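Tertiary structure, described
These are the residues of each chain, in order.
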Amino acid sequence: MLASLKVDTVILATGATPRRPRLEIGDGAQIVDAWQAVADELKLGSRIVIADWRCDWVGLGLAEKYAQSGHHVRLAVTGTEPGQMIQSYVRNHALAKLHKLGVEIIPYARLIGVDSDTVYFEHALSGSALMCEDVDSLVLAQGHSADTTLEEQLVDYTGELHVIGDCLAPRTAEEAVREGLQIGTTV
């Protein structure tokens, strides 16, 4: 198609997909990624564990969403605290909300597996086993992977190709907007 249109320059901003870590998964485990959770694609059980790898706004937002709708929520984060990667004034406001909603916070929890009613973690520093029992649903807030499908299809494209945003490397919206502005001023 690009050849028939005689396109000189292509700017790819095809985004990302939810990152799915390698896990041991037992029978009967209900697992949804953050995108499915936000879209309410599946009905989750009343007892939820959110496994937050990035410690950004995603885990915080999901915990608030489900706690407000009456779920028992445990938010397990790989870092020191939920929202560790965002500005302190935003994080602290969100943490106060979660506290008032009764969300349990589990720091230093690296996700390793799940079965029908238990989510298994490893303590990120000591390596000790951590378990969340009596769980109905696991929500993955595990970051994103670059969607490079179209870039791979354009391997033989002879024009100028620019890859920006999450398809280059998943990051924040601010970085994607900056890259779009930068490339937009050069073409």
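Structure first, text after, so check above.
Please read all numbers here as calculations on a predicted model, not as lab measurements. (Residues numbered from 1 in each chain as written. Predicted model: local features only at pLDDT ≥ 70, side-chain atom pairs only at ≥ 80, totals over all residues. Heavy atoms only, no water.)

Structural notes on the sheet that holds strand β8 (residues 109-114)
With mixed pairing, 4 strands are arranged side by side in an open sheet as β3-β8-β9-β10. Where the open sheet ends on each side, the last strands, each with one partner, are β3 (24-25) and β10 (129-133). (Pairing = 2+ DSSP bridges. Helix = DSSP H or I, 4+ residues; strand = E, 2+ residues; numbered from the N terminus.)

Observations regarding the packing of helix α3 (residues 57-68) against helix α4 (residues 88-101)
Packing of α3 against α4 leaves a shortest axis separation of 10 Å and a crossing angle of 30 degrees. In this view, α3 runs roughly parallel relative to α4, as classed from their interaxial angle. Helix-helix and strand crossings are classified by hand; for α3 and α4 the assignment is left-handed. Only Ala94, Leu95, Lys97, Leu98 and Leu101 of α4 make contact with α3, whose side of the interface consists of Leu60, Ala63, Glu64, Ala67 and Gln68. The residue inventory of the contact of α3 with α4, partitioned by class, reads 7 nonpolar, 1 polar and 2 charged. (Axes fitted to C-alpha atoms, helices over the stretch in contact; angles between N-to-C directions. Parallel < 35°, antiparallel > 145°, perpendicular 65-115°, else oblique. Left-handed = near helix turned anticlockwise from the far one by under 90°. Contact = heavy atoms within 4.5 Å. Nonpolar A, V, L, I, M, F, W, Y, C, P; charged D, E, K, R; others polar.)

Some words on the nonpolar core
Burial of nonpolar side chains together is a common tendency in soluble globular proteins. Residues Ile50, Leu62 and Val139 are the most contacted members of the largest nonpolar core, which totals 23 residues. Top element by residues in this core is α3. It accounts for 6 residues. Non-local contacts of Leu62, meaning those with residues more than four positions away in its chain, are made with Ala34, Ala37, Val38, Ile50, Val139 and Ala141. If you look at the next biggest cluster of nonpolar residues, it comprises 14 residues, including Ile31, Ala51, Ala76 and Ala109. (Core = buried A, V, L, I, M, F, W, Y, C linked by side-chain atoms within 4.5 Å. Buried < 20%, exposed > 50% of the residue type's maximum accessible area, 1.4 Å probe, protein only.)

Re the pattern of salt bridges
Considering all chains together, one arrives at 8 salt bridges under this definition. For the salt bridge of Asp40 with Lys65, the shortest nitrogen-to-oxygen distance reads 2.9 Å. Of the two residues, Asp40 sits in the loop between α2 (34-38) and β5 (47-52) while Lys65 sits in helix α3, which places them 25 residues apart along the sequence. A relative accessible area of 27% means that Lys65 is categorised as partly exposed. Salt-bridge contacts for Arg47 lead to Asp136; the nearest nitrogen and oxygen are separated by 2.6 Å. Here the residue Arg47 occupies a position in strand β5, and Asp136 occupies one in the loop between β10 and β11 (137-141), the gap between them amounting to 89 residues. (Salt bridge = Lys/Arg side-chain N within 4 Å of Asp/Glu carboxyl O.)

Details of the pairing of strand β9 (residues 118-123)
In this sheet, β9 lies alongside β8 in antiparallel orientation, the contact comprising 5 bridges. Paired with Ala109 across the bridge in β9 is His123. Between β8 and the antiparallel strand that follows it, β9, lie 3 residues.

Brief notes about the environment of Glu179
Its place among the elements puts Glu179 in helix α6 (residues 173-184). Judged by relative accessible area, Glu179 falls into the buried class, the value being 10%. The sequence separation of Glu179 and Asp8 amounts to 171 residues, and the corresponding C-alpha distance is 19 Å. Excluding its chain neighbours within four sequence positions, the residues that come into contact with Glu179 are Ile164, Gly165, Leu168 and Arg171.

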